[in-house]
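Each chain, letter by letter, is given below.
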Amino acid sequence: MSNPHAWRFSALAFLLALLGSGILFQMVRIQTDPQARAWLVEQDPYNGAWVTYYPARGEIYDRNGNLLAGNQTIYEIGVDLQAVRDPESVALAASVYLGLDYNRTLAQITEPAEGILYVVLADHVPPEQANKLIELQEVLMNDPSGQSLAGLRFVPHLERSYPEGALASNVIGFTTREGQGYYGVEEKYNSLLAGVPVTLWVPSDPNRAEELPDIPPGATLILTLDRQIQAAAEETLDSALQTYGARSGVIIVMDPQTGEILAMAVTPRMDLNRYWEYENIFVGETPFNRAISQAYEPGSVLKVLTMAAALDSGTVTPDTVFLDTGTIIVGGGYIHNWDGGAWGYQDMTGCLEHSLNVCLAWTAVEMGADTFYGYMQSFGLGRLTGIDLAGEHPGRLKLPGDGDWYPIDLGTNAFGQGVAVTPIQMVMAGSAIANEGRMVYPHVLHAIVQDGQQRAMSTQIVGRPISPETARALNQMLVESLSNETSLANVPGYTLAGKTGTAQIPTAYGYDPRQTNASFIGWGPADDPRFLVYVWLERPTASPWASQVAAPVFRQMVEQLVVLMNIPPDDIRLQAAGGE
Amino acid sequence: MDNVTGIARKVQQAPWRVQRQWIGLFLLGLVVVTLMAGLHLSVTTRTALAGRELQILQDEILDAQRVNADLETQWANLTSYSAMRERALAMGFRPARADEILYVFAAGYQPPQPVNLSRPVPAAPVSLILPAYRQSLLEWFSDQLTASNPASGR
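Since the structure is predicted, the reported quantities are computational estimates derived from the model, not experimental observations.

Enquirer: Which residues make up helix α19 (residues 546-564) of chain A, and what values go with them?
Expert: Residues and elements named next belong to chain A. Over its 19 residues, α19 runs 26 Å from end to end, which matches the ideal 27 Å to within 8%, given 1.5 Å per residue. By the criterion of burial, α19 is predominantly enclosed, with 14 of the 19 residues buried. At the exit of α19 stands Asn 566, carrying a positive phi of roughly 55°.

Here you go:
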C-alpha cells in the first residue's frame, strides 16, 4: 500500500524547510553582522531630526494696548535639489526676484557639495517678494514649454517688527535677526521676551510620533509709556530743536506719584525696523538714549535739591533773608551770579526765583559739606537710579576726599556746576519734592503677561530724602518763583511748580561761555501732581538761557499733557473735588 | 501480547483521518497567525495614520500661531500712530487745544485704566493622544473592566 511517489512530498518538504531555514539564517546573520551596526548608524539621521523650537518673541505694548514691538512673517527660500526639474529657470527666478547672482545660484543647484540635498538661497525675504515667486511657481506648474520652478521651497518664520517705526525707539531698543535684544527694553528684558527654546527629536516614522510639549512664547511686556504722550513729546522736542537750534535734546514725562515713565523723547531716534543703520545714526560716542546714558552739568535745576537740603536740615527757612552782594568766596574761589549783579536782600523764594548762585552757594556753605553731600546722595546723585533700561550711566558726584574734589566744589555744586547727572536722575530726585518727600523708582515696565496672567509692577519708594513738610514748603516756593519769574513756562488755568537751569559746558580749557545746556524741571498740578516734565536742550543757539528756550518747551508739553491726560483747569478740578 | 496489539490496531484511526487532523491543525494555526498578523497590521496602520495626523495638526497649530502673530502686527501697522494721525488729518480733524475742551462733571466717572491682557487658562493641559495609544494591552483591559464595572474601582 506504500505510495511510490511519497519521496516527492518528502523532497518538497525538505526543500521548503531548507528555504525557510535559509531565510531564518540570513535574517539572523544580517542582524548580527558587524556591518549591521554601521548600517544602523548610517541610516539613523533618516529616522528623524533634532529640531529646536524657538518660542515666538514676546510682544511689547504701551499702557493702552497699542503694539510697539511684534512679530511678522518672513520667508526662507531654498531649493530641494532632488525635486528640481529646471535649474536654469530656478536660478533665473532667484536672480530676478531675489537679486541673486544667476551663475552662482545655478552652480549651487547643479554642482552641490556631496551629500547636500537642500540649499538656502535667501532668508528674511518679505512676504510681498516671496509671494511673487510662489505665484510664478504655480503658473509654471503646468507650463507646456517645460519651464518649471519645481524644487523651490518657501519656509515661513517670524521676525521682529516695530509697527511704530521710530516712535519711542530709544526706550524700546531693537532685536537683531539672530534674536538678540540690544538697548532699551529689548536688552533689559531679553531673556523674558525670548522665552526658552526647546530641542526635540522628531521621528520621521509616524508610528513614533509624539505630542509636542507646550512651548510657551516669550513673556509679553506692557510698558508705562503712553503712545500719544510719547508722540507729543517727540514732536515737541523735534520742533524745539529746530526753533532753538539745539544740537540734541531730551523730554521726560513721569508720573511723580508712581514713577511710571509716560514718555521719554530723545534725539537722535532710529526706525527700529532698519536697525542696521544704527552706526550711521549714532555716530561716535552718541548714546542710544541720552536720557539715561549721558551725564551733564545741569546748572540751576539742581538748586531745587540744594534748597531742599537747606530747608530740611534746618539751615534756612523760606523766610530766611540773605544779603546778596553779588560775590561769595568759597574754598578760595569767587562765585558770582549768572548776571554778575548783586540782588540785595532776598528771601529763599527770591533766591530761587532769581536763580542766585551766590545765595545757593551760601546755603551749601552754611550746611557744611557733609550735610550737603549727604542730601545729594540721598537724592540719588552719583549712582544708578536702576531704571529698567539697558545702558544707564551713574553720573558723577565728587565727594570730599576724592582726588579731584576741591573746597570750591561745595559752592559750585550747589548751583549745578561741577556735578554730572543724567536727566533720569534729576527726574527721580524731583519726584521727592513733587511727591511729599517720597522718592519713587522710575520705571518703564507696567506689567508682565506670562502664561495668560498679567502681573503689574508695584510702585517702589526708593527713599525719603526730605520730610513731607519740607517738600510742601519747597513746592510752594517753586510755584511762587515760577509764576513770578519764568512766565514762559506758565500755562493759564494750571498751577505749576518748576525751575530753569542754564549751565555752561566744561571743556578741556575751562567752561565755554558761549555754549550752554538749557534745562527745566517742573510738575503739575502743584497741589496733586500728575506729571513731572524734564526738558534738556543741548547747546541751543537761539538763546543760551533756559528761561528763553527750555521753559517754552515745558509749557508746550504741559499744554498737550493736560489734554491727553484729561486734567481740567484748577478751578474746575477743585470744584469737582469739592463736590464729591 | 499478540491479542493486545491486535486490539490496539483495531481502535487506531485510519491513516487518512490522522493526516486530515494534522492538516486541519496546521490550517487552524495558519488562520490564527494570519488573523494576528492582520490585526497587527490594522493597528499599526491606524497608529501610523494617527501619528501622521498628529504631525500635521502640530504643524497647523504652529502655522496658525505664526499667522496670528503676523496678523496682529499687520493690524498694528494699520493703526499705528502715524497712520491714524494721517487718516484723522485727512478727515479734517486736528488735535484739540486745552482752551477748547468743555469739561462736564460726571458722577462716578472712572478714568481709563492701563490695558489688561490676561486671558483664561485651562485648568490642566489636555492630551491630544487617546489613552489607547499610550497603554499596554493589560492596562487597556484593566481600564475596560473598570469602565464596565464602576463599583469595582471603589
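Enquirer: Got a sec to walk through the interface of chain A and chain B? Specific residues and values, please.
Expert: Reports of interface size often rely on the accessible area that becomes lost once the parts have come together. Taken together, the contacts link 40 residues of chain A with 36 residues of chain B. Broken down by secondary-structure element, the contributors of at least two residues to the side of chain A that touches chain B are β3 (67-80), β5 (152-161), β9 (220-223), α9 (227-244), β17 (445-450), β18 (453-456), α19 and α20 (570-579) of chain A. Top contributing element to the side of chain A that touches chain B by residue count: β3(A), with five residues.

Enquirer: Talk me through the confidence of the model for chain B; I want residue IDs and the actual numbers.
Expert: Residue and element names in this part refer to chain B. On average, residues of chain B score 83 in pLDDT, and 83% of them are at 70 or above. Element-level pLDDT for chain B is lowest in helix α1 (residues 2-11), with a mean of 59, against a maximum mean of 96 in helix α3 (residues 81-90). The ipTM value of the predicted complex is 0.83, and its pTM value is 0.85.

Enquirer: Can you tell me about the pairing of strand β22 (residues 531-538) of chain A, naming the residues and giving the values?
Expert: All names here are of chain A. β22 sits mainly inside the fold: eight of its eight residues count as buried. Burial of the side chains of β22 extends over both faces: Phe 531, Val 533, Val 535 and Leu 537 are buried on one face and Leu 532, Tyr 534, Trp 536 and Glu 538 on the other. Pairing between strand β10 (residues 248-254) and β22: seven bridges, direction antiparallel. Following the sheet pairing, Met 254 is matched in β22 by Leu 532. The pairing of strand β21 (residues 510-524) with β22 spans eight bridges and is classified as antiparallel. If you follow Ser 519 over to β22, its bridge partner there is Trp 536. Taking the residues between adjacent antiparallel strands as the criterion, β21 and β22 are bridged by six residues.

Enquirer: Explain unusual backbone geometry to me, and be specific about the residues and the numbers.
Expert: For residues other than glycine, phi is negative in most cases, and the peptide bonds are mostly trans. Residue and element names in this part refer to chain A. Of note, the amide linkage connecting Thr 267 to Pro 268 takes the cis form, showing an omega dihedral of -10°. Looking at where Pro 268 falls in the secondary structure, it is placed in the loop between β11 (261-266) and α10 (278-281). Here the residue pair Gly 524 and Pro 525 is connected by a cis peptide bond, since its omega of -15° sits within 30 degrees of zero. Although it is not a glycine, Asp 451 sits at a positive phi angle of roughly 55°. On the secondary structure map, Asp 451 appears in the loop between β17 and β18. We classify Asp 451 as exposed; it has 11 C-beta atoms within 10 Å. Even without glycine at this site, Asn 566 takes up a positive phi of about 55°. Within the secondary structure layout, Asn 566 lies in the loop between α19 and α20. Given 12 C-beta atoms within a 10 Å radius, Asn 566 is considered exposed.

Enquirer: So what's going on with the sheet that holds strand β20 (residues 497-507) of chain A? Which residues, and what values?
Expert: All names here are of chain A. A sheet is described by the order of its strands in space; here five strands give the open sequence β11-β10-β22-β21-β20, paired in antiparallel fashion. Strands with a single pairing partner mark the edges of an open sheet, and in this sheet they are β11 and β20. Each strand axis lies, on average, 10° off the axis of its neighbour in the sheet, ignoring direction. Sheet analysis places β10 next to β11, joined by five bridges and oriented antiparallel. Looking at β11, one finds that Ile 252 is bridged to Met 264. Against the sheet, helix α17 (residues 423-434) makes contact with β10, β21 and β22, and its axis sits at roughly 145° relative to β22, the strand it touches most.

Enquirer: Describe the nonpolar core, listing the residues and the values that go with them.
Expert: All names here are of chain A. Within the largest apolar cluster, 139 residues are counted, with the highest numbers of intra-cluster contacts made by Ile 251, Ile 252, Val 253 and Val 533. In this view, Ile 252 contacts Ile 261, Met 264, Ala 291, Pro 423, Ile 424, Val 427 and Tyr 534; residues no more than four positions away in its chain are not counted. Within the second largest apolar cluster, 13 residues are counted, among which are Ile 77, Val 79, Ala 94 and Leu 133.

Analysis parameters
Residues numbered from 1 in each chain as written. Chains lettered and ligands numbered in written order. Predicted model: local features only at pLDDT ≥ 70, side-chain atom pairs only at ≥ 80, totals over all residues. Helix = DSSP H or I, 4+ residues; strand = E, 2+ residues; numbered from the N terminus. Expected span 1.5 Å × (residues − 1). Buried ≥ 20, exposed ≤ 12 C-beta atoms within 10 Å, placed from the backbone. Contact = placed C-beta atoms within 7 Å. pLDDT = per-residue confidence, 0-100. Pairing = 2+ DSSP bridges. Axes fitted to C-alpha atoms, helices over the stretch in contact; angles between N-to-C directions. Core = buried A, V, L, I, M, F, W, Y, C linked by C-beta atoms within 7 Å.

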